[in-house]
Amino acid sequence: MAAKCQIPIRRVGSYGYAFADPLVEVKTAGAPTILYGLVDEEAAAAIVYQHVGQGKLLDGHIIGSRQRGKTIDGPVTAILVRDSSRDEGDKTEFFKESIHAELTEHGLADTVQVVSALDLGIYDEGLTVQLLPSGVTYTNVLSRDITRLVTESVQKQEVLDHLLYSSPDLQERIVLRNCGIIDPESLDDALRHDSYKGFVRALTEQSPEQVIDTVKTSGLRGRGGAGFPTGVKWELTRKPEADRKFVICNADEGDPGAFMDRSVLEGDPHAVLEGLMLAAFAIGACKGYFYIRAEYPLAVKRIQKAIDQTRERGLLGENILGSGWSFDAAIRLGAGAFVCGEETALIASIEGRRGSPEPRPPYPSVQGLWGKPTSINNVETLAAVPWIVAKGGEAYARFGTEKSKGTKVFAVTGKVLNAQLVEVPMGTSVRDIIFGICGGAQDAVPIKGVQTGGPSGGIIPEPYLDTPITYENLSELGSIMGSGGMLVMNENDCMVDVAAFYLKFCVDESCGKCAPCRAGGYQMLQLLQKIAKGRGEPGDLDLIRRICKAMQCASLCGLGQTAPNPVLSSLRFFEDEFLAYIEGGTSYARKLKKARAEGRNLKDVV
Amino acid sequence: MNNTVLPPLRDLEPEVQQEIDECVERWSDQEGNLIMILHEIQNHHGYVPREASLLLAEKTGVPLARIYEVLTFYHYFRLVPQGKHQITVCNGTACYLKGSARLLSELENRLEIKEGETTDDRLFHLETVRCIGCCGMAPAVVVDGTTVGKVATTDIAGIIEKIHIQEETNE
């Protein structure tokens, strides 16, 4: 390149497209914003030379804009093509050439670039074409459509209505509103994107009761798992008289297979901090703690930076913005104990003790950290609060269902085509999330079920995937919302094995304080492992069910009470698999184990 | 930490003593500071030496038994020095479904140690972690702090070899 470039390069936080990380976004004045995925060093260099230098798009790396245009207002500069059918062949390659040939015929080959895309967010719609910069998207395009596409859409800028793809975007980004958009290490950038606006308004114009009312109107329920109404929790913490009160952000995301808290903390730390400040203002707390996993060093670093920057500007600390109200926040590191997700255990850990849970009541809202009223909220809950305070409770309550309002972030992963973070209104079906947004099964192996809620949750089998997601519906299916992990499992995953995996997790993580959890979990694991080896006996399943019941009724805390969930839901929907192990004996178990280790199709073995 | 013999007790070097003094000083006005102090000690040494715990008990007045109660309860704290290179296999559900168990057994075979152990030459330490929140990269392995995603069993030999080569060129 000749002269010195004056192109700013910005760092942003996690966008949530886990399947395509690392991402690079190129913004050019007067041209559409292009998001590139799977950018390695080679692709990064190509982006600089081809895209930035010569204005040419890069082949095979573009993740198309999720905004779908309806009209073409200016000349078409580029055409993205992608074969979105299930058995993707090399049709796109051939198709791309056809479009190019047609463009050449009309003398447009130099002005319109044809590029194949990595992913357009559309699945099972045949050959898909997106015109840039308008974002007009055509699906199920056939070769006979090519001529019209060029003569009408490119030359005359008319939209071909019969091909137009106009399905609304299933996602609704409230918690993730700034993820991938702001530089998480810059307060100025966050302020430019309306961060702390809600907080300043609440502090200067509203009373704490008004903030609580707004949150109550919004219908926001705790996104950490249990779904307790956030406004009510704050009210309960506000009521008691005390010399000190505390707020805690529970960022000890211990669920294996979940990454939404991590992404929000890393992508938009200011949203979480602002939420914590609003919570503190509402209940009258003097100090807040972020309890973050030490395993997430980047999240720790960014939250610390956010705290330091806001303190420098007088948004945190003594006499905030001259209002007479003081509040400060600090980080406490977790040290790898799943039980610390339980409120009372988390408090013990912040107090510097081992994380043993205590019987409740008294609830932390009355007697929490150092015996003082304490409100503990999850990362996602807190990140939603600034949006609610800024836009009003009704705006949030418009999303979702009667009893489960607003949006929920899910971390979809496992045997799914595009593992990613999705944020959808409550009431969206699991099938829409897995197939509509994430592209469905990976490697064309049929999906068997989706596990939600981690080790405290259960499995939603394939026939139930159309269930709208609400707290109530999930618990009816024997699962829970949990923090929002969604693990897609296919026909090759063995339910006996998966049940044992989750149970082993809880057995390892049991703090050992109460017998039902400590002894019950261990005994049940022995039984499951016995069955997995093909040495199960007919009475074993009954015994397992009895232990489950005992653990649910008698355990001290949530860990023990919910540990049987994965086992019970596997038994409920996949009992035949357990029976097959018991009846098939050791040779059957050995055959399956071998096939799994070799990554073979289990259906072929049985 | 299972069945691991603790190293013999030795005298703390003055610098280390001073460092712990400073650390205790820094956290002295904070309530519930024990875990944060232990984090700092581990960050510095790679583990929490027994000598440091003894000194800490003396400085803070927290009984040694309470310090060890905390150290042994949390998975993150280590009581013995680790190998020079850390290999951590993520055992989150996504990684498990995609074959992290196979990766672990391949590592165990090649390094001839079990999970949680260190090789005799103290070059490698192998462990598992609950979940590192990189499910999009499953199965994932963390090598000396760098996350390697979508690891296949056949990649393991290369990962180990790379560290060996790195060691040889350094010498």
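Undergrad: For this particular structure, what's the right way to read the overall build of chain A?
TA: Of regular secondary structure, chain A possesses 21 helices and 16 strands. Against the 2.2 N^0.38 benchmark of 25 Å for 606 residues, chain A shows a C-alpha radius of gyration of 26 Å, consistent with a compact globule. Along the first, second and third principal axes, the C-alpha set of chain A runs to 80 × 75 × 45 Å. Looking at chain A as a whole, 59% of its 606 residues qualify as buried. Surface summary for chain A: the accessible area is close to 24200 Å², and the carbon and sulfur share equals 50%. In chain A, the 66 positive side-chain charges and the 76 negative ones have mean positions that sit 6 Å from each other.

Undergrad: I would appreciate a short explanation of the nonpolar core in the present structure.
TA: Across soluble globular proteins, nonpolar side chains have a tendency to be buried as a group. Grouped together as the largest cluster of nonpolar side chains are 186 residues, with contacts concentrated most on Trp234(A), Phe290(A), Phe327(A), Val412(A), Ile544(A) and Tyr74(B). Each residue touching Ile544(A), except ones within four places of it in the same chain, is listed here: Met524(A), Leu527(A), Leu528(A), Ile531(A), Val567(A) and Leu571(A). Judged by nonpolar contacts, the second largest core, of 22 residues, contains Val76(A), Val114(A), Val136(A) and Val150(A).

Undergrad: Even after reading the chapter, I still don't get the packing of helix α5 (residues 197-205) of chain A against helix α9 (residues 269-283) of chain A, so can you show me in this structure?
TA: The axes of two packed helices give the description: the angle between them and the distance between them. All names here are of chain A. Following both chains from N to C, one finds α5 and α9 inclined at 15°, their axes separated by 9 Å at the closest point. Of the possible angle classes, the one that applies to α5 and α9 is roughly parallel. The handedness of the crossing between α5 and α9 comes out as left-handed. Contacts between α5 and α9 involve Lys197, Gly198, Phe199, Ala202 and Leu203 on the former and, on the latter, Glu274, Met277, Leu278 and Phe281.

Undergrad: What exactly am I supposed to notice about the interface of chain B and chain A here?
TA: One widely used convention gives an interface's size as the accessible area the parts lose upon coming together. In this complex, chain B contributes 33 residues to the contact, which on the side of chain A involves 52 residues. Interface of chain B and chain A: buried area, both sides summed, is about 3400 Å²; carbon and sulfur atoms make up 57% of it. At the surface where chain B touches chain A, the tally comes to 18 residue pairs in polar contact (both at pLDDT 80 or more). Broken down by secondary-structure element, the contributors of at least two residues to the side of chain B that touches chain A are α2 (34-45), α4 (64-73) and α5 (93-97) of chain B. Looking at the side of chain B that touches chain A, its residues break down into 17 nonpolar, 9 polar and 7 charged.

Undergrad: Would you explain the packing of α9(A) against helix α10 (residues 297-312) of chain A in this entry?
TA: Residues and elements named next belong to chain A. Close contact between α9 and α10 brings their axes to 9 Å; oriented N to C, the two are set at 60°. Viewed along their axes, α9 and α10 adopt a mutual orientation that is oblique. Here the hand of the crossing between α9 and α10 comes out right-handed. Residues Pro269, His270 and Leu273 of α9 form the contact with α10, whose own contacting residues are Arg302, Ile303, Ala306, Ile307, Gln309 and Thr310.

Undergrad: How do you make sense of the pattern of salt bridges when you look at a structure like this?
TA: Two side chains that carry opposite charge are able to pair once their charged atoms sit near each other. Residue and element names in this part refer to chain A. The tally for this structure, following the rule as stated, stands at 40 salt bridges over all chains. Across the pair Glu266 and Arg262 runs a salt bridge whose closest N-O atoms are separated by 3.5 Å. With Glu266 and Arg262 both in helix α8 (residues 260-267), this residue pair falls 4 residues apart, about one helical turn. Like Glu266, the residue Arg262 is buried in the burial classification. Shared partners join several salt bridges into a network, and the residues in it are Arg11, Asp183, Glu185, Lys301, Arg302 and Lys305.

Undergrad: Please explain α8(A) as it appears in this structure.
TA: Given 3.6 residues to a turn, an α-helix orients residues that are three or four positions apart in the same direction. Of all 8 residues in α8(A), 8 are buried; the element is thus mostly enclosed. Those residues of α8(A) that fall on the buried side of the exposure criterion are Met260(A), Asp261(A), Arg262(A), Ser263(A), Val264(A), Leu265(A), Glu266(A) and Gly267(A).

Undergrad: Would you explain the sheet that holds strand β2 (residues 124-129) of chain B in this entry?
TA: Hydrogen bonds along the backbone pair up the strands of a sheet, which may run parallel or antiparallel. Residues and elements named next belong to chain B. If you trace the 4 strands from one edge of the open sheet to the other, you get β2-β1-β3-β4, paired in mixed fashion. The strands lining the two open edges of the sheet, one partner per strand, are β2 and β4 (146-148). The mean angle between the axes of side-by-side strands here comes to 25°, regardless of whether they run parallel or antiparallel. Looking at chain direction, strand β1 (residues 85-90) and β2 are connected through 6 bridges and run parallel. Along β2, the bridge assignment pairs Cys90 with Val129.

Undergrad: Can you walk me through α10(A) in this structure?
TA: Residue and element names in this part refer to chain A. The end-to-end C-alpha distance of α10, which contains 16 residues, comes to 23 Å, matching closely the 22 Å that a straight helix rising 1.5 Å per residue would cover. Taken residue by residue, α10 has Ala299, Val300, Arg302, Ile303, Ala306, Ile307, Gln309 and Thr310 as its buried positions. After α10 finishes, the residue Gly314 shows a positive phi value of roughly 80°.

Undergrad: Please clarify how the packing of aromatic side chains should be interpreted in this entry.
TA: Aromatic ring pairs: the centre-centre distance and the angle between the two ring planes describe each pair. All names here are of chain A. Tallying each qualifying case throughout the model produces 16 aromatic pairs over all chains. Both rings, one in Tyr581 and one in Tyr588, keep their centres 5.3 Å apart while their planes meet at 85°; by these two values the pair is edge-to-face. Comparing Tyr581 with Tyr588, the two get one shared label, buried. The structure contains a cluster of three or more aromatic residues connected by ring pairs, namely Phe199, Phe281, Trp325 and Phe327. The side chain of Lys408 reaches across the aromatic face of Phe410, ending 5.6 Å from its centre.

Undergrad: Help me understand the pairing of strand β12 (residues 407-414) of chain A, please; the structure alone is not making it clear to me.
TA: Two faces make up the sheet, and in a regular strand the side chains alternate between them. All names here are of chain A. Within β12, 8 of the 8 residues are buried, which leaves the element mostly enclosed by the surrounding structure. Side chains of β12 alternate between two faces, with Thr407, Val409, Ala411 and Thr413 and Lys408, Phe410, Val412 and Gly414 buried alike. The pairing of β12 with strand β13 (residues 420-425) spans 6 bridges and is antiparallel. Looking at the pairing, Thr407 lines up with Pro425 of β13. Adjacent in sequence and paired antiparallel, β12 and β13 are bridged by 5 residues.

Undergrad: Looking at this structure, how should I read unusual backbone geometry?
TA: Glycine aside, the phi torsion of most residues is negative, and most peptide linkages are trans. Residue Pro361(A) is bonded to the preceding Arg360(A) through a cis peptide linkage, with omega at -5°. Topologically, Pro361(A) is positioned in the loop between α11 (343-350) and β11 (374-378). Note the cis peptide between Ala138(B) and Pro139(B), where omega equals -10°. Relative to the helices and strands, Pro139(B) is located in the loop between β2 and β3 (141-143). Here the phi dihedral of Asn140(A) falls at roughly 50°; this positive angle occurs in a residue that is not glycine. Summarising the element assignment, Asn140(A) is placed in the loop between β7 (137-138) and α3 (146-155). Positive phi values are uncommon outside glycine, yet Asp144(B) reaches one of about 45°.

Undergrad: I'm lost on the sheet that holds β7(A) in this one. Help?
TA: Residue and element names in this part refer to chain A. An order of β5-β4-β6-β7 is seen for the 4 strands of this open sheet, with the pairing classed as mixed. At either end of the open sheet lies a strand with only one pairing partner, and these are β5 (113-116) and β7. As defined by bridge partners, strand β4 (residues 78-83) adjoins strand β6 (residues 127-132) across 6 bridges and the pair is classed as antiparallel. Paired with Val81 across the bridge in β6 is Val129. Its contacts with the sheet put helix α2 (residues 91-105) on β4, β5 and β6, and the angle it makes with β4 is roughly 155°.

Undergrad: Where do I start with the environment of Arg545(A) in this structure?
TA: All names here are of chain A. By secondary structure assignment, the location of Arg545 is in helix α18 (residues 540-554). For Arg545, a relative accessible area of 31% corresponds to the partly exposed category. Between the C-alpha atom of Arg545 and that of Leu160, which follows or precedes it by 385 residues, the distance is 59 Å.

Procedures and definitions
- Residues numbered from 1 in each chain as written.
- Chains lettered and ligands numbered in written order.
- Predicted model: local features only at pLDDT ≥ 70, side-chain atom pairs only at ≥ 80, totals over all residues.
- Heavy atoms only, no water.
- Helix = DSSP H or I, 4+ residues; strand = E, 2+ residues; numbered from the N terminus.
- Rg over C-alpha atoms; globule rule 2.2 N^0.38 Å.
- Buried < 20%, exposed > 50% of the residue type's maximum accessible area, 1.4 Å probe, protein only.
- Areas by Shrake-Rupley, 256 points an atom, 1.4 Å probe, with all protein chains shown as cover.
- Lys, Arg positive; Asp, Glu negative; His and termini not counted.
- Charge placed at Lys NZ, Arg CZ, Asp CG, Glu CD.
- Core = buried A, V, L, I, M, F, W, Y, C linked by side-chain atoms within 4.5 Å.
- Contact = heavy atoms within 4.5 Å.
- Axes fitted to C-alpha atoms, helices over the stretch in contact; angles between N-to-C directions.
- Parallel < 35°, antiparallel > 145°, perpendicular 65-115°, else oblique.
- Left-handed = near helix turned anticlockwise from the far one by under 90°.
- Buried area = accessible area lost by both parts, 1.4 Å probe.
- Polar contact = N/O pair within 3.5 Å; in protein donor to acceptor, adjacent residues only side chain to side chain.
- Nonpolar A, V, L, I, M, F, W, Y, C, P; charged D, E, K, R; others polar.
- Salt bridge = Lys/Arg side-chain N within 4 Å of Asp/Glu carboxyl O.
- Pairing = 2+ DSSP bridges.
- Expected span 1.5 Å × (residues − 1).
- Phe/Tyr/Trp six-rings, centres within 6.5 Å; stacked < 30°, edge-to-face > 60°.
- Lys NZ or Arg CZ within 6 Å of the ring centre and 35° of its normal.

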